[in-house]
Amino acid sequence: MTPMRVALMIGGCWVIPTFISFLPIMQGWNSIGIDHLINERRFNNSSNTTSCVFMVNKPYALTCSLVAFYIPLVLMVLAYQRIYITARAHALQISMLQRAGGAGTSAAGTSGGVSAGAPDSADHQRNHRMRTETKAAKTLCIIMGCFCLCWAPFFVTNVVDPFIDYTVPEQLWAACLWLGYINSMLNPILYAFLNKSFRRAFLIILCCGRQRYRRPSILGSGAPCTATQINGSTHVLNNNLSSRLQPLRELCT
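Residues numbered from 1 in each chain as written. Predicted model: local features only at pLDDT ≥ 70, side-chain atom pairs only at ≥ 80, totals over all residues. Heavy atoms only, no water.

### Some remarks on the overall build of the chain
Then step 1. The helix and strand tally for the chain stands at eight helices and four strands.
Then step 2. Order of helices (α) and strands (β) in the chain, N terminus to C terminus: α-α-β-β-α-α-α-α-β-β-α-α.
Then step 3. Sorting the 253 residues of the chain into buried and exposed places 23% on the buried side.
Then step 4. Of all intrachain contacts in the chain linking residues separated by at least 6 positions in sequence, the fraction that spans at least 24 positions is 57%.
Then step 5. Carbon and sulfur atoms provide 66% of the accessible area of the chain, an area that totals close to 17900 Å². (Helix = DSSP H or I, 4+ residues; strand = E, 2+ residues; numbered from the N terminus. Buried < 20%, exposed > 50% of the residue type's maximum accessible area, 1.4 Å probe, protein only. Contact = heavy atoms within 4.5 Å. Areas by Shrake-Rupley, 256 points an atom, 1.4 Å probe, with all protein chains shown as cover.)

### Brief notes about the confidence of the model for the chain
Then step 1. With 68% of its residues at a pLDDT of at least 70, the chain reaches an overall mean of 75.
Then step 2. The low-confidence segment residues 217-253 (pLDDT under 50) makes 36 contacts with residues lying over four places distant or belonging to another chain. (pLDDT = per-residue confidence, 0-100.)

### Quick look at the layout of surface pockets
Then step 1. The calculated volume of the largest pocket comes to roughly 1900 Å³.
Then step 2. Residue lining of the largest pocket: 43 residues in total, with Ser21, Ala68, Trp151, Phe154 and Phe155 positioned closest to the centre.
Then step 3. Elements supplying a minimum of two residues to the lining of the largest pocket: α1 (3-27), α3 (58-111), α4 (118-160) and α5 (170-194).
Then step 4. Here the lining of the largest pocket is composed, by residue class, of 36 nonpolar, four polar and three charged. (1 Å grid on protein atoms, 1.4 Å probe; cavity = no way out; pocket = protein on both sides within 12 Å on 5 of 7 lines; lining within 4 Å. Points joined across faces, edges and corners; volume = space filled by probe spheres on them. Nonpolar A, V, L, I, M, F, W, Y, C, P; charged D, E, K, R; others polar.)

### Description of the UniProt feature "transmembrane region" (unreviewed entry) in the chain
Then step 1. Under the UniProt annotation, "transmembrane region" (unreviewed entry) lies at residues 7-26, 60-80, 139-160 and 172-194.
Then step 2. What you have in residues 139-160 is 100% helix and 0% strand, and the ends, taken at the C-alpha atoms, are 31 Å apart. (UniProt positions renumbered as here; feature names shortened; annotations may be inferred.)

### Some remarks on unusual backbone geometry
Then step 1. Even without glycine at this site, Asp165 takes up a positive phi of about 60°.
Then step 2. Within the element layout of this structure, Asp165 appears in the loop between α4 and α5.
Then step 3. With a phi angle near 55°, Tyr166 is a residue other than glycine that sits in the positive phi range.
Then step 4. Among the residues examined, Tyr166 registers a relative accessible area of 9% and is labelled buried.

### Some remarks on a nonpolar patch on the surface
Then step 1. The grouping of Val15, Phe19, Phe22, Leu23, Met26, Trp29 and Ile32 at the surface amounts to a nonpolar patch, some 750 Å² of accessible area in total.
Then step 2. Along the chain, Val15 turns up in helix α1.
Then step 3. Judged by its relative accessible area of 43%, Val15 falls in the partly exposed class. (Patch = residues over 30% accessible without salt bridge, like charges linked within 9 Å, V, L, I, M, F, W, Y side chains within 5 Å. Salt bridge = Lys/Arg side-chain N within 4 Å of Asp/Glu carboxyl O.)

Dropping the structure here:
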């Protein structure tokens, strides 16, 4: 994730809606074939007033809903599924590395006549991995669930209404639309509540990038470093970290 990719993604979030909403509506493509229905509903005989009526024809309702909701929904489900599978795999790898490091420490302690308590350590690592996987599952379910529950009623109504002669009540339309707006309000709250990195980023943005909210470096400014090699890759480590990984290096060699 680079600044250029972020800029392109944010630009796409504005350009795509322009082509599927602003441009067609300004050109009147959404009302082709239903102008007479719009004119009938625009004028209110009882109060002798006119009102702004927004209606869409069947082609525009299908195209807009597919591009704006259904296709992104499928892509988001697939992306979050891959993220969740990758998170589980990473949690498993971390657990394996922790067990390997624990085994090296246990071997070093046993040679010195000190018991390491490996079963307790293994149970702790297993519980930690389970908690990590459970939290990831809950986070993804909450985010995807809120998105689907908030926007599905509007886009289902948007597709169905033209095929039932525009008989959906105006109050139902307003409720579905505001439910989608509520999702936009919930997104910052959900991400900030469920993710520490988002909370830190929000604090940095709201507090004008104050240094106190930035993540401190684990190496420090003047910490002495050393080089180590794991699986053929050379890494620069702080001396404290290097000493802690010494049992793991002994196992690898």
